[in-house]
Amino acid sequence: MSKSLRKQRLSVYLDPAVMRRLTEHAARRDHSRSLVAEAAIESFLSPDAAERQEAAITKRLDQLDRRMTRMERDVGISVEMLAVFVRFWVATTPALPEPAAQAARAKASERYDQFVAALGRRLAKGPKLRQEITEDVATPTD
C-alpha cells in the first residue's frame with residue numbers, strides 16, 4: 001500500500017495590497033487563493049517559462065527581420081526599375097509641336113489606362129518581377 005503524496009502547507013506573510021489582489025483574482029476566476037498562489041509560484045519558479053517567451057519573441061523578430069529585408073530589396077528593385085524607365089523615356093521621346101502634343105496627350109491617357117489594367121492583371125496573377133530577378137545577380141567589376 002503506497003501513500004499518495006499530499007500537498008504541504010506553507011504559511012506566508014503578504015502585504016495587505018497583495019493579499020487583496022490575490023483574493024480579488026481568485027474570486028474572479030472562481031478558484032481558491034491557495035490554487036492561485038500555487039500557480040503563481042510554479043510560474044515564477046519554472047525555468048523554461050522565460051526561455052519559451054524569449055524564444056517566441058526571437059522567432060517573431062527573425063520573421064520581421066526577413067520581411068523587412070525582402071521589403072528593402074523590393075523597394076530597391078522598384079526604384080531602379082523606375083529610374084531605368086525614366087532615363088529610357090526621356091532619351092527616346094522627342095518634344096512635339098503643340099497640335100501634335102494635344103493628340104499625343106489624348107493617346108497617352110488611353111495608353112495609361114491600358115497600362116494600369118495590365119498592371120492590375122499582372123499583380124493579380126503573378127509572377128512578380130521581384131520573383132523573376134534572382135537574389136545573386138552578379139555585378140560587373142571594373
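Quick caveat: nothing in here was measured; it's all calculated off a predicted structure.

How each quantity is defined
- Residues numbered from 1 in each chain as written.
- Predicted model: local features only at pLDDT ≥ 70, side-chain atom pairs only at ≥ 80, totals over all residues.
- Heavy atoms only, no water.
- Helix = DSSP H or I, 4+ residues; strand = E, 2+ residues; numbered from the N terminus.
- Buried < 20%, exposed > 50% of the residue type's maximum accessible area, 1.4 Å probe, protein only.
- Areas by Shrake-Rupley, 256 points an atom, 1.4 Å probe, with all protein chains shown as cover.
- Phe/Tyr/Trp six-rings, centres within 6.5 Å; stacked < 30°, edge-to-face > 60°.
- Patch = residues over 30% accessible without salt bridge, like charges linked within 9 Å, V, L, I, M, F, W, Y side chains within 5 Å.
- Salt bridge = Lys/Arg side-chain N within 4 Å of Asp/Glu carboxyl O.
- Lys, Arg positive; Asp, Glu negative; His and termini not counted.
- Charge placed at Lys NZ, Arg CZ, Asp CG, Glu CD.
- Expected span 1.5 Å × (residues − 1).
- Polar contact = N/O pair within 3.5 Å; in protein donor to acceptor, adjacent residues only side chain to side chain.
- Axes fitted to C-alpha atoms, helices over the stretch in contact; angles between N-to-C directions.
- Parallel < 35°, antiparallel > 145°, perpendicular 65-115°, else oblique.
- Contact = heavy atoms within 4.5 Å.
- pLDDT = per-residue confidence, 0-100.

Trainee: Please explain the overall build of the chain as it appears in this structure.
Mentor: From N to C terminus, the chain includes five helices and zero strands. A buried classification covers 6% of the 142 residues belonging to the chain. In the form shown here, the chain has an accessible surface area of approximately 13,600 Å², with 60% of it arising from carbon and sulfur atoms.

Trainee: Explanation requested: the packing of aromatic side chains in the structure shown.
Mentor: What characterises a pair of aromatic rings is the spacing of the ring centres plus the angle enclosed by the ring planes. Summed over the entire model, instances satisfying the criterion amount to one aromatic pair. Between Tyr-112 and Phe-115 the ring centres are 6.3 Å apart and the planes differ by 35°, which places this aromatic pair in the tilted class. Pair noted here: Tyr-112 and Phe-115 are both in helix α4 (residues 98–125), with a separation of three residues, about one helical turn. You can call Phe-115 partly exposed: its relative accessible area is 49%.

Trainee: Looking at this model, I keep getting lost on a positive patch on the surface. Mind explaining?
Mentor: Together, Arg-60, Arg-66, Arg-67 and Arg-70 make up a positively charged patch on the protein surface. In this fold, Arg-60 is placed in helix α3 (residues 47–92). Owing to a relative accessible area of 42%, Arg-60 belongs among the partly exposed residues under this scheme.

Trainee: Just checking my understanding: could you explain a nonpolar patch on the surface for this structure?
Mentor: Together, Leu-10, Val-12, Leu-14, Val-18, Met-19, Ile-41, Phe-44 and Leu-45 give the surface a local cluster of nonpolar side chains, amounting to about 810 Å² of exposed area. Of all elements in the fold, only α1 (16–29) and α2 (33–45) reach the threshold of two or more residues within the nonpolar patch. In terms of residues, the nonpolar patch owes the most to one element, α2, which gives three residues. One can find Val-18 in helix α1.

Trainee: Just to check I follow, could you spell out α1 for this structure?
Mentor: An α-helical segment advances 3.6 residues per turn. Residues three or four places apart therefore align on the same side. Compared with the 20 Å implied by 1.5 Å per residue over 14 residues, the 20 Å span of α1 between its first and last C-alpha is a close match. Backbone nitrogen of Ala-17 and a side-chain oxygen of the N-cap are separated by 3.1 Å at the start of α1; the cap is Asp-15. Count one or two residues on from α1 and you reach Asp-30, which has phi positive near 60°.

Trainee: Would you mind going over the packing of α1 against α2 with me for this structure?
Mentor: Pairs of packed helices are described in terms of their axes, by the angle between the two and the distance that separates them. Where α1 meets α2, the axes come as close as 9 Å, and the angle between the chain directions of the two elements is 110°. On the basis of their axis angle, the class for α1 and α2 is roughly perpendicular. Mapping the contact onto sequence places Met-19, Leu-22, Thr-23, His-25 and Ala-26 in α1 and Arg-33, Val-36 and Ala-37 in α2.

Trainee: Mind showing me how you'd approach the pattern of salt bridges here?
Mentor: Side chains that differ in charge, positive against negative, can pair when their charged atoms come close. Summed over the entire model, instances satisfying the criterion amount to five salt bridges. Across the salt bridge formed by Lys-7 and Glu-38, the nearest N and O atoms sit 3.0 Å from each other. Here Glu-38 lies in helix α2 and Lys-7 lies in the segment before α1, a separation of 31 residues in the sequence. On the basis of relative accessible area, Lys-7 is assigned to the exposed category, the value being 65%. When the shortest N-O distance is used, the salt bridge between Arg-73 and Asp-74 registers 3.7 Å.

Trainee: It is not clear to me how the confidence of the model for the chain should be interpreted in this structure. Could you clarify?
Mentor: Reading fine detail from the predicted coordinates is not recommended where pLDDT is low. Scored by pLDDT, the chain has a mean of 84; 85% of the residues are at 70 or more. Across the chain, α1 holds the top mean pLDDT of 94, while helix α5 (residues 129–132) sits lowest at 68.

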